[in-house]
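# Coordinate analysis (summary)
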Amino acid sequence: PDYEPEVFRVLKTRVSPAVQQVRAGGGRLEISGSCTVSVLYLGEDTHTLHAVRQSVPFSKSLDLPEGEITARCVPRCYHVNARAVSGRRLEVRCGLSLRVRAMRQVPHPVLTDAAGDGVQLHRKEVTCCGKRVTAEKNCTLSEDLQLGDAKPAFGSLLDACYQVGITETKLVEGKLICRGDLTTRLLYCPEGGGGPESMEWSEPVSQILELPGVDDSWLCNVQAGQVTGSFEPVRNGDECRTLSAEWNLTFSACCDKNETCSPADDGYSCLFQSEPETETLPLWKALSVLSQPVQVAGTCCRRPAKPPAGRKKGN
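All of the points below concern the structure found in this document.

Rules and cut-offs
- Residues numbered from 1 in each chain as written.
- Predicted model: local features only at pLDDT ≥ 70, side-chain atom pairs only at ≥ 80, totals over all residues.
- Heavy atoms only, no water.
- Helix = DSSP H or I, 4+ residues; strand = E, 2+ residues; numbered from the N terminus.
- Buried < 20%, exposed > 50% of the residue type's maximum accessible area, 1.4 Å probe, protein only.
- Contact = heavy atoms within 4.5 Å.
- Pairing = 2+ DSSP bridges.
- Axes fitted to C-alpha atoms, helices over the stretch in contact; angles between N-to-C directions.
- Core = buried A, V, L, I, M, F, W, Y, C linked by side-chain atoms within 4.5 Å.

### Overview of the side chain of serine 252
Among the secondary structure elements, serine 252 is positioned in strand E13 (residues 239-256). Since its relative accessible area comes to 10%, serine 252 is described here as buried. If sequence neighbours within four positions are ignored, serine 252 has contacts with Arg72, Ala135, Glu136, Leu209, Asn221, Val222 and Gln223.

Have a look at this one:
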């Protein structure tokens, strides 16, 4: 933009991909989303930190077999670099990978009972996963964020990151109620100059997902992610201490329930010569979802600068 200073040196480039829609049908899987491109650079005249952010859409199509398919997609940026074509133009190249897992449940007939002609069966009780129920919901949240009293006024945004943590889930007769916390961390340049400042906010989030036929006896895996956000400064008087924020979030749930059946795995007839034909089938079994937060502590050290060539250390 014209109101930003020209680029003197590119310092850091980051691409944050987010999948906004995964749609399966007609033998095709359609994936669409957007990448938030953020470039941190030094200005030409003032040599101060500045950042430019832009959203770039992407899409991908995959061939799939016919049938009712549930799919999940996780995007990842594995390579990114940027260069300044001119003082006002940046060229960014990145490699984006999409890890897709598509599942289809196929019903298969099994023999559970037979009578007459002296037939004798041997049954085996097995436990396997029944029909899976999934749901996904996109929502938009908006809030006015206030800077802390000890923080300087907002000048320009340098970077933003988000994290959603699910704190509570509850299944109630075909509905899933999930609650969590949305944590937003911002890095910004103060108005009037000075070093970068950071600020963190935590906002409660809650959503209701429709899951027909599901009750509290089902095992449910809930995920919240794919967060994108936008921030607009709001000036009150001479200073800007308020940011108008808007987030787009995606909540998804995958519910399973184990069922027990007794198919026959062997049999014979007392009156006629017979030989059973058997077939091996893979079966899924739903397991409990375990989650445990772990705290990790560490120390970051700055690497000392190398002494100039021809000069000994300590001189």
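### A look at the sheet that holds strand E3 (residues 49-63)
The sheet built from three strands is open, its strands ordered E1-E2-E3 with antiparallel pairing. In this open sheet, the two edge strands, each paired with only one partner strand, are strand E1 (7-25) and E3. Pairwise comparison of adjacent strand axes, ignoring direction, gives a mean angle of 15° for this sheet.

### Structural notes on unusual backbone geometry
Within the chain, aspartate 117 stands out as a residue other than glycine whose phi angle is a positive 55°. Positionally, aspartate 117 belongs in the loop between strand E5 (89-104) and strand E6 (119-123). Owing to a relative accessible area of 52%, aspartate 117 belongs among the exposed residues under this scheme. One non-glycine residue, glutamate 173, lies in the positive phi region at around 45°. Its location among the elements puts glutamate 173 in the loop between strand E9 (154-172) and strand E10 (175-190). You can call glutamate 173 exposed: its relative accessible area is 66%.

### Thoughts on the environment of leucine 271
Within the fold, leucine 271 resides in the segment after strand E15 (264-269). On the accessibility criterion, leucine 271 (63% relative accessible area) is exposed. Put simply, leucine 271 and cysteine 300 are 29 residues apart on the chain and 81 Å apart in space, counted from C-alpha to C-alpha. What leucine 271 contacts, discounting residues up to four positions off in sequence, is Asp117 and Gly118.

### Comments concerning the nonpolar core
Within the largest apolar cluster, 33 residues are counted, with the highest numbers of intra-cluster contacts made by Leu211, Phe231, Trp247 and Leu249. Those elements that provide at least two residues to this core are strand E8 (133-146), E9, E10, strand E11 (197-210), strand E12 (219-236) and E13. Ignoring anything within four residues of it in the chain, the contact list for phenylalanine 231 reads Leu145, Leu157, Ala160, Tyr162, Thr184, Leu186, Ser244, Ala245 and Trp247. Membership of the second largest hydrophobic core comes to nine residues, among which are Leu29, Ile31, Val37 and Cys73.

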